[in-house]
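Chain and residue survey
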Amino acid sequence: MPHQTPSFPPPQAKPPVSVLPIHHNWQTAASANGFEIIRRCADPAYVELKCQTCGRAHQKRHSVILGSTPVCPHCVQNRWREDAAAAELEWLGRDPQDPKRGRYRAPCGHEVSRQFELIKRIAGGACALRCETCQRAKEEAEATAAGWTLLGPAHEHGVNYRLYRHECGHEQEIARMNMRTERLICAGCGIGWSASPSFIYCMRFQLPGLPALVKLGFSRNPKSRMKWQLLRRPDLSEHAQPSGQILRSIQIRTGHLALCLEKKMHAALRRSHPGSVVPPQHYRPWLKVKSEIYTANLEPVILDLLDRLDPGTPAPD
Ligand SMILES: [Zn+2]
Ligand SMILES: [Zn+2]
Ligand SMILES: [Zn+2]
């Protein structure tokens, strides 16, 4: 008996092309809208349409052909791409989050998502595309130049405001235009109006039960800073009251420059005289600061640094 090869079912064939008819009135309706029905699909509700404009095919319910005006998705894509090119953008595709938006590559290289209608207006010159990434970088740089960090949008004020953090740690909502022109005052430390001068000072403190200490700092008003912001005056009669004295203050052109200079001086002092930095627990009962206090032997060193400071070119009137 000859060897019988087992019979297997034939490999899975493509789904059979529908043999359902293409009705004449469908073809007429399709043709009136610039399409040709080339076949029925496996799903009897669908037909395949060839676009007479772009020559590409897509599937559509035959009810759409009879009941409304079918559009070619390829031609729509082409228009979006053309609109993008006219707006000097690169078309990247539809925005999966929003059917009214596309994704585009801006000339700066960043990817943006915009409504199709807006792209048309940009192409027509009615408005310009503003890349949010570049805009953010620009606003961050403006803030940095003024001594602040951009944190994000403002919550209490309008769209022209942003939330910023000052170098002193204080957070504040400020109009962006004021940040740009540095016309602002930090409610935390009083530094501001960068056009107005500030002072770097050296103060000596005599605190009960402690040897003399010195502080290097900056302020728009060192006297008031010493009196109201630095010294605690506990209401306890058995304690002698702490006292302070401004040894020298040097006028610096702007608050921001004063802040930068003062930071550099502290860094240099900490490097050159690490043993002269007084731990805050010693002066905490008397002074409302957490650092920047040194032993009195640094007094001549600090005064010498102050004498050699470059206060910056005076601002033009
Ligand atoms: Zn088409
Ligand atoms: Zn950009
Ligand atoms: Zn501040």
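Residues numbered from 1 in each chain as written. Chains lettered and ligands numbered in written order. Predicted model: local features only at pLDDT ≥ 70, side-chain atom pairs only at ≥ 80, totals over all residues. Heavy atoms only, no water.

Here's the deal with the environment of Ser 63
Looking at the secondary structure, you find Ser 63 in helix 2 (residues 62-67). Between the C-alpha atom of Ser 63 and that of Trp 26, which follows or precedes it by 37 residues, the distance is 9.0 Å. (Helix = DSSP H or I, 4+ residues; strand = E, 2+ residues; numbered from the N terminus.)

Observations concerning the coordination of the zinc ion (ligand 3)
Listed as protein donors to the zinc ion (ligand 3) are His 166 (ND1), Cys 168 (SG), Cys 186 (SG) and Cys 189 (SG); their distances from the metal cover 1.9 to 2.4 Å. Each of the four donor atoms around the zinc ion (ligand 3) contributes to a set of angles spanning 99 to 114°, which defines the coordination as tetrahedral. Written as a sequence motif, the donor residues of the zinc ion (ligand 3) are H-x1-C-x17-C-x2-C. (Donors = N, O, S within 2.8 Å, 3.2 Å for Na, K, Ca; no water. Tetrahedral: all angles 85-135°; square planar, octahedral: opposite > 155°, others 65-115°.)

As for the pattern of salt bridges
All told, the structure shown has 14 salt bridges when counted by the stated rule. The network of salt bridges with shared partners includes Glu 139, Glu 142, Arg 162 and Arg 176. (Salt bridge = Lys/Arg side-chain N within 4 Å of Asp/Glu carboxyl O.)

Some remarks on helix 4 (residues 116-123)
Those residues of helix 4 lying buried are Phe 116, Ile 119 and Ile 122. Buried residues of helix 4, seen end-on, are gathered within an arc of 115° and therefore sit on one face of the element. Phi for Gly 125, located one or two positions after helix 4, is positive at around 80°. (Buried < 20%, exposed > 50% of the residue type's maximum accessible area, 1.4 Å probe, protein only. Arc of directions from axis to C-beta.)

Details of the coordination of the zinc ion (ligand 1)
For the zinc ion (ligand 1), the protein coordination sphere consists of Cys 51 (SG), Cys 54 (SG), Cys 72 (SG) and Cys 75 (SG), at 2.2 to 2.4 Å. Of note is the zinc ion (ligand 1), whose four donor atoms meet at the metal with angles of 103 to 118° in an arrangement that counts as tetrahedral. Mapping the donors of the zinc ion (ligand 1) onto the primary sequence gives the spacing C-x2-C-x17-C-x2-C. You can see Cys 51 sitting in strand 2 (residues 46-51) and its partner Cys 72 sitting in the loop between helix 2 and helix 3 (73-86), a full 21 residues away along the chain. With respect to class, Cys 51 is no different from Cys 72; both count as buried.

As for the sheet that holds strand 11 (residues 213-219)
Read across the open sheet, the four strands follow the order 12-10-11-13; overall the sheet is antiparallel. At either end of the open sheet lies a strand with only one pairing partner, and these are strand 12 (243-252) and strand 13 (293-295). Taken over all neighbouring pairs, the strand axes of this sheet differ in orientation by 25° on average, direction set aside. One ladder, built from nine bridges, connects strand 10 (residues 198-206) with strand 12; its direction is antiparallel. Bridging from a neighbouring strand, Arg 204 pairs with Gln 245 of strand 12. Against the sheet, helix 8 (residues 255-272) makes contact with strand 10, strand 11, strand 12 and strand 13, and its axis sits at roughly 150° relative to strand 11, the strand it touches most. (Pairing = 2+ DSSP bridges. Axes fitted to C-alpha atoms, helices over the stretch in contact; angles between N-to-C directions. Contact = heavy atoms within 4.5 Å.)

Looking at helix 1 (residues 24-32)
Taken as a whole, helix 1 has its buried residues at Trp 26, Ala 29 and Ala 30. Relative to the axis of helix 1, the buried residues are bounded by an arc of 100° and lie together on one face. Within helix 1, the exposed residues directed more than 90 degrees away from the buried face are His 24 and Ala 32. Those residues of helix 1 that are buried are in contact with strand 1 (35-40), strand 2 and helix 2.

Topic: the environment of Ala 42
Position of Ala 42 among the secondary structure elements: in the loop between strand 1 and strand 2. Taking the C-alpha atoms as reference, Ala 42 lies 9.4 Å from Leu 20; in sequence the two are 22 residues apart.

Here we look at a positive patch on the surface
On the surface, a cluster of positive charge is contributed by Arg 232, Arg 284, Lys 288 and Lys 290. Mapping Lys 288 onto the fold places it in the loop between helix 9 (280-283) and strand 13. (Patch = residues over 30% accessible without salt bridge, like charges linked within 9 Å, V, L, I, M, F, W, Y side chains within 5 Å. Areas by Shrake-Rupley, 256 points an atom, 1.4 Å probe, with all protein chains shown as cover. Lys, Arg positive; Asp, Glu negative; His and termini not counted. Charge placed at Lys NZ, Arg CZ, Asp CG, Glu CD.)

Things to note about the nonpolar core
Counting residues in each nonpolar core, the largest one holds 19 residues, and the members touching the most others are Ile 200, Leu 216, Ile 252, Ile 302, Leu 306 and Leu 309. Counting residues per element, the ones that place at least two in this core are strand 10, strand 11, strand 12, helix 8 and helix 10 (299-307). Considering each element in turn, this core owes the most residues, five residues, to helix 8. Tyr 201, Leu 207, Met 226 and Tyr 283 belong to the second largest nonpolar core, which has 14 residues in total. (Core = buried A, V, L, I, M, F, W, Y, C linked by side-chain atoms within 4.5 Å.)

Describing the sheet that holds strand 8 (residues 161-166)
The antiparallel open sheet is built from three strands, whose spatial order is 7-8-9. Looking at which strands have only one partner, the edges of the open sheet turn out to be strand 7 (148-153) and strand 9 (171-175). Neighbouring strand axes in the sheet, compared pairwise and without regard to direction, differ in orientation by 40° on average. Pairing of strand 8 with strand 9 involves five bridges; the strand directions are antiparallel.

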